[in-house]
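# Structural overview
Single-letter residue listing:
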Amino acid sequence: MYDRIYNFAAGPSQLPLEVLEEIHKDLFNYKGTGMSVMEMSHRSKMYLEIFNETKENLRKVMDIPEDYEILFIQGGATEQFAAIPLNFFKNNKADYIVTGAFSKKAAKEAAKFGEVNVIYDAGPDYDHIPTNDQLKFNDDADYVYICANNTIYGTEWHEYPKCDKPLIADMSSDICSHVINVRDFGMIYAGVQKNLGIAGLALVIIRKDLIDGHKENIPQLFEYDNQVKNDSMINTPPTFAIYVLGLMAKWILSKGGVKELEEVNKKKAKLLYDLIDEDDFYKGHARKDSRSLMNVTFNLANEELEAKFVKEAKAAGMENLKGHRSVGGIRASIYNAMPMEGVEKLVAFMKEFKENNK
Ligand code: PMP
């Protein structure tokens, strides 16, 4: 009806059609206000309703306990790479587990502010996630840092590190894709432009007792304590992105919650991985035990064949399948909003492509 394609982009990425239709319906006149959400004051009664409802629905969706704060912060996930050490450093030491490009960047940023110990580096291939017995934590670390899902390499933690320090996880590319226990973490954060909406906003979920008061030498927008005291409104928040996040939270609830989505996500990923495992035509990048449910990465025999694959897929209505520029190959990002039919169509295309090119 809208002549849309299946968009396999890693982020920003495809939104559910129902959410786009809701935005469209509200765009010129939100609930009789005579204006769109984009035009509303962030302090207005109507906007505060949207803002508070978004938080309440997120609490339901992720089962966020009352002793965790929910913050909406501009600057994307990358800003948190600096905000985390600035807020959490006391001994000025932290343990980082580097499993891909974004944990590497986060470790590099934190090292500007204190001692970063990379206690495990999955490089150079970044095709796996370490097991708990491969990890040795430092007693005086202020926190332990992981990236839950490696968007570029297509690996994902299936068993989180067991440590007695606050565990901080970047869940930018797998938030709300499978059930987690928020209590396992001191802080969870995500740029929301993959699984929870549009660019311009990071969702930060943080245990209250870890926010331990005002810090003199931190830029005010980076200070979690300040963000909490001002309910994420030290300055104008990204109002529209928060509204879309709220719609995404409602959409997840309408689908039966994260548990239901997890089942669908497992089925979607299995369709692709089963085909990859059939023979050597498609070569999966991630080790089997570390495979991501969200970003499926694989190679073909050579770059020419990969380019042909991407071109023909595009002609068949499936876009953005080229792997990240740093690693190449193919990457199919199949976040919550990618319907089963999109993955089925990709799998059918891959089977045909294999027949025609082997
Ligand atoms: N972490 C992960 C896991 C990501 O995939 C990305 C973006 N692709 C980032 C961090 C950086 O996010 P942002 O662009 O919102 O700063």
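Residues numbered from 1 in each chain as written. Predicted model: local features only at pLDDT ≥ 70, side-chain atom pairs only at ≥ 80, totals over all residues. Heavy atoms only, no water.

Once that is clear, we can look at the overall build of the chain. A tally of helices and strands in the chain yields nine helices and 14 strands. Computed over its C-alpha atoms, the radius of gyration of the chain comes to 21 Å, within 12% of the 21 Å expected for a compact globule of 358 residues. Overall, the chain is about 65 × 55 × 30 Å in size when its C-alpha atoms are taken along their principal axes. Each of the 358 residues in the chain was classed as buried or not, and the buried ones make up 56%. Restricting to contacts in the chain with at least 6 residues of sequence separation, those with at least 24 account for 65%. Roughly 16000 Å² of accessible area belongs to the chain as shown, and the carbon and sulfur atoms make up 50% of that amount. Looking at the chain, you have 44 positive and 54 negative side-chain charges, and the mean spots of the two groups are 2 Å apart. (Helix = DSSP H or I, 4+ residues; strand = E, 2+ residues; numbered from the N terminus. Rg over C-alpha atoms; globule rule 2.2 N^0.38 Å. Buried < 20%, exposed > 50% of the residue type's maximum accessible area, 1.4 Å probe, protein only. Contact = heavy atoms within 4.5 Å. Areas by Shrake-Rupley, 256 points an atom, 1.4 Å probe, with all protein chains shown as cover. Lys, Arg positive; Asp, Glu negative; His and termini not counted. Charge placed at Lys NZ, Arg CZ, Asp CG, Glu CD.)

Near the ligand, the surroundings consist of 13 residues, among which Thr78, Thr151, Asp170, Gln193 and Lys194 are the closest. Contact distances for the ligand include 3.0 Å between an oxygen atom and a backbone N or O atom of alanine 77. A distance of 2.5 Å is found between an oxygen atom of the ligand and a side-chain nitrogen or oxygen belonging to threonine 78. Relative to its free-state accessible area of 400 Å², the ligand is covered by the protein chains to the extent of 83%. When residues in the shell around the ligand are grouped by element, the largest group, four residues, is from helix 3 (residues 76-88). Taken together, the residues of the shell around the ligand break down into four nonpolar, seven polar and two charged. (Near = heavy atom within 4 Å. Polar contact = N/O pair within 3.5 Å; in protein donor to acceptor, adjacent residues only side chain to side chain. Nonpolar A, V, L, I, M, F, W, Y, C, P; charged D, E, K, R; others polar.)

Before going further, it helps to spend a moment on the nonpolar core. Of all hydrophobic cores here, the largest spans 85 residues; its most connected members are Ile84, Tyr96, Tyr143 and Tyr224. If you tally residues by element for this core, the top one is helix 6 (residues 239-254), at 11 residues. If sequence neighbours within four positions are ignored, tyrosine 143 has contacts with Ile84, Pro85, Phe88, Phe89, Lys93, Ala94, Asp95, Tyr96, Ala110, Lys165, Pro166 and Ile168. (Core = buried A, V, L, I, M, F, W, Y, C linked by side-chain atoms within 4.5 Å.)

To continue, consider the packing of helix 8 (residues 303-315) against helix 9 (residues 340-357). Orientation of helix 8 relative to helix 9, taken along the N-to-C sense of each, is 135 degrees, at an axis distance of 11 Å. What the angle tells us is that helix 8 and helix 9 run oblique. Seen from above, helix 8 lies across helix 9 with right-handed handedness. Two secondary-structure elements touch here, helix 8 through Leu305, Lys308, Phe309, Glu312 and Ala313 and helix 9 through Leu346, Phe349, Met350, Phe353 and Asn357. (Axes fitted to C-alpha atoms, helices over the stretch in contact; angles between N-to-C directions. Parallel < 35°, antiparallel > 145°, perpendicular 65-115°, else oblique. Left-handed = near helix turned anticlockwise from the far one by under 90°.)

A few words now on the sheet that holds strand 11 (residues 283-284). Sheet architecture is open: three strands sit in the order 11-12-14, paired in antiparallel fashion. At either margin of the open sheet sits one strand with a lone partner, and together these are strand 11 and strand 14 (330-333). In this structure, strand 12 (residues 295-299) lies alongside strand 14, joined through four bridges in antiparallel fashion. Of the residues in strand 14, the one forming a bridge with phenylalanine 298 is isoleucine 330. (Pairing = 2+ DSSP bridges.)

Glancing now at unusual backbone geometry. Excluding glycine, residues mostly carry a negative phi; peptide bonds, for their part, are mostly trans. Look at the link from glycine 11 to proline 12: it is a cis peptide, with omega at -5 degrees. With respect to the helices and strands, the residue proline 12 is situated in the loop between strand 1 (6-7) and helix 1 (17-26). Note the cis peptide between glycine 123 and proline 124, where omega equals 0 degrees. As for its position among the elements, proline 124 is in the loop between strand 4 (115-121) and strand 5 (144-147). In this structure, aspartate 3 is a non-glycine residue whose phi angle is positive, near 60 degrees.

Right, let's talk about the pairing of strand 10 (residues 202-207) for a bit. The buried count for strand 10 comes to five of six residues, which makes it a mostly enclosed element. Two elements, strand 2 (residues 68-73) and strand 10, share six bridges in a ladder whose sense is antiparallel. In the sheet register, glutamate 69 faces strand 10, and the bridge partner there is isoleucine 206. Across five bridges, strand 9 (residues 187-191) lies against strand 10 in antiparallel orientation. Each bridged residue has a counterpart across the sheet, and for alanine 190 the counterpart in strand 10 is leucine 203.

A few words on the sheet that holds strand 3 (residues 93-98). Each strand in a sheet pairs with its neighbour through backbone hydrogen bonds, running either in the same direction (parallel) or in the opposite one (antiparallel). Reading across from one edge, 2-10-9-8-5-3-4 is the order of the seven strands in this open sheet, with mixed pairing throughout. Either end of the sheet is taken by a strand with one partner, and the two such strands are strand 2 and strand 4. On average, adjacent strands in this sheet sit at an angle of 20 degrees to one another, irrespective of strand direction. Two strands pair when backbone bridges link them, and strand 3 and strand 4 are joined in this way by six bridges, in the parallel orientation. Paired with aspartate 95 across the strands is asparagine 117, a residue of strand 4. Contacting strand 2 and strand 10, helix 2 (residues 45-62) crosses the sheet at an angle of about 125 degrees to strand 2.

Moving on, we come to the pattern of salt bridges. Overall, the coordinates contain 24 salt bridges when judged by the stated rule. With its nearest N and O atoms 2.9 Å apart, the salt bridge here joins aspartate 279 to lysine 354. With aspartate 279 in the loop between helix 7 (258-278) and strand 11 and lysine 354 in helix 9, this pair connects stretches of sequence that are 75 residues apart. Using a relative accessible area of 31% as the deciding quantity, one classes aspartate 279 as partly exposed. One salt bridge in this structure joins lysine 358 and glutamate 355, with 3.2 Å as the shortest N-O distance. (Salt bridge = Lys/Arg side-chain N within 4 Å of Asp/Glu carboxyl O.)

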